[in-house]
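This is what each chain is made of:
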Amino acid sequence: MVLEILTFPSEVLRRKAAMIDSPTDKLNALIENMKETLYAANGFGLAAPQVGESIRLIVYDETAGREGQNPKIIINPEIVEESGEQIVEEGCLSIPGEYVPVKRYLRVLVKALDENFDPVIINAEGHTARIMQHEIDHLNGVLFIDRLPSFRRDTIKKHIKRRIANGEYKTAQ
Ligand code: NI
């Protein structure tokens, strides 16, 4: 089932998401629905808070399904090492239609659990490292606009307000 993706300024997107203790049928169902939702939206990554579940779960696919669907699941991820720098244009399914350059680490080492609750270590660089940082930010209530200089952030917020007033921006709470 394709889920509704909540958009800025939804309050759920600002909450710090809870750790996941154990596998459950409910969690597995959510994972399946998030995979469907990710591909339906042509996204690279989707964090559970974006579909209204404030838990530490991420589904991602570096190709957004363009080279065949290869969804990956990470649970309770944590960045344990980071280095380098990249500045690349970034967007977010929860802030549709806004794309701006965001400064990120070039490499991150992420510790997490996979779908089976087995520990995994992901040594990510470039595009994948960007997905990791963007999605883990979601678990901490942080959006990419928070990573911008304040004048840029204000410009985007004003632009979104104008789009909302014109009915051009979908506000899903
Ligand atoms: Ni996002």
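Residues numbered from 1 in each chain as written. Predicted model: local features only at pLDDT ≥ 70, side-chain atom pairs only at ≥ 80, totals over all residues. Heavy atoms only, no water.

**A short note on the environment of Val 12**
Then, in step 1: Relative to the helices and strands, Val 12 resides in the segment before α1 (25-40).
Then, in step 2: Counting along the chain gives 40 residues from Val 12 to Gly 52, while the straight-line C-alpha distance between them is 6.3 Å.
Then, in step 3: For Val 12, the residues in contact, after removing those within four places along its chain, are Leu 6, Pro 49 and Gly 52. (Helix = DSSP H or I, 4+ residues; strand = E, 2+ residues; numbered from the N terminus. Contact = heavy atoms within 4.5 Å.)

**Details of the nonpolar core**
Then, in step 1: Core analysis: the biggest nonpolar cluster contains 16 residues, and Leu 27, Met 34, Leu 57 and Ile 75 have the highest contact counts within it.
Then, in step 2: Broken down by secondary-structure element, the contributors of at least two residues to this core are α1, β2 (57-60) and β3 (72-83).
Then, in step 3: Here this core gets 5 residues from one element, more than from any other, and that element is α1.
Then, in step 4: Filtering out sequence-adjacent residues up to four positions away, Met 34 remains in contact with Leu 3, Leu 46, Ala 47, Ala 48, Val 51, Leu 57 and Val 59.
Then, in step 5: Within the second largest apolar cluster, 15 residues are counted, among which are Ala 47, Ile 58, Tyr 60 and Ile 74. (Core = buried A, V, L, I, M, F, W, Y, C linked by side-chain atoms within 4.5 Å. Buried < 20%, exposed > 50% of the residue type's maximum accessible area, 1.4 Å probe, protein only.)

**Here's the deal with the coordination of the nickel ion**
Then, in step 1: For the nickel ion, the full set of protein donor atoms is Cys 92 (SG), His 134 (NE2) and His 138 (NE2), and the range of their distances to it is 2.1 to 2.2 Å.
Then, in step 2: Positions of the donor residues of the nickel ion along the chain correspond to the pattern C-x41-H-x3-H. Of this pair, Cys 92 sits in the loop between β4 (86-90) and β5 (100-104) while His 134 sits in helix α2 (residues 126-139), and the two are 42 residues apart along the sequence. Each member of the pair, Cys 92 as well as His 134, carries the same accessibility label: buried. (Donors = N, O, S within 2.8 Å, 3.2 Å for Na, K, Ca; no water.)

**Quick look at the pairing of β2**
Then, in step 1: Neither face of β2 is left uncovered, since the one carrying Leu 57 and Val 59 and the one carrying Ile 58 and Tyr 60 both have all their residues buried.
Then, in step 2: Taken together, the 3 bridges between strand β1 (residues 45-47) and β2 define a ladder with antiparallel strand orientation. The residue bridging Gly 45 from the neighbouring strand is Tyr 60, located in β2.
Then, in step 3: The pairing of β2 with β3 spans 4 bridges and is classified as antiparallel. Counted as the bridge partner of Tyr 60 is Lys 72 from β3. (Pairing = 2+ DSSP bridges.)

**So, the sheet that holds β3**
Then, in step 1: With antiparallel pairing, 5 strands are arranged side by side in an open sheet as β1-β2-β3-β6-β7. Strands with a single pairing partner mark the edges of an open sheet, and in this sheet they are β1 and β7 (119-125). The average angle at which neighbouring strand axes cross in this sheet is 40 degrees, direction not considered.
Then, in step 2: Running at roughly 120 degrees to β7, α2 makes contact with β1, β2, β3, β6 (107-113) and β7 of the sheet. (Axes fitted to C-alpha atoms, helices over the stretch in contact; angles between N-to-C directions.)

**Things to note about the pattern of salt bridges**
Then, in step 1: If you walk through the whole model with that rule in mind, you get 11 salt bridges.
Then, in step 2: A salt bridge links Arg 15 to Glu 11, with the shortest nitrogen-to-oxygen separation between them at 3.1 Å.
Then, in step 3: Here Arg 163 makes a salt bridge to Glu 98, at a shortest N to O gap of 2.8 Å. Of this pair, Arg 163 sits in helix α3 (residues 150-165) while Glu 98 sits in the loop between β4 and β5, and the two are 65 residues apart along the sequence. (Salt bridge = Lys/Arg side-chain N within 4 Å of Asp/Glu carboxyl O.)

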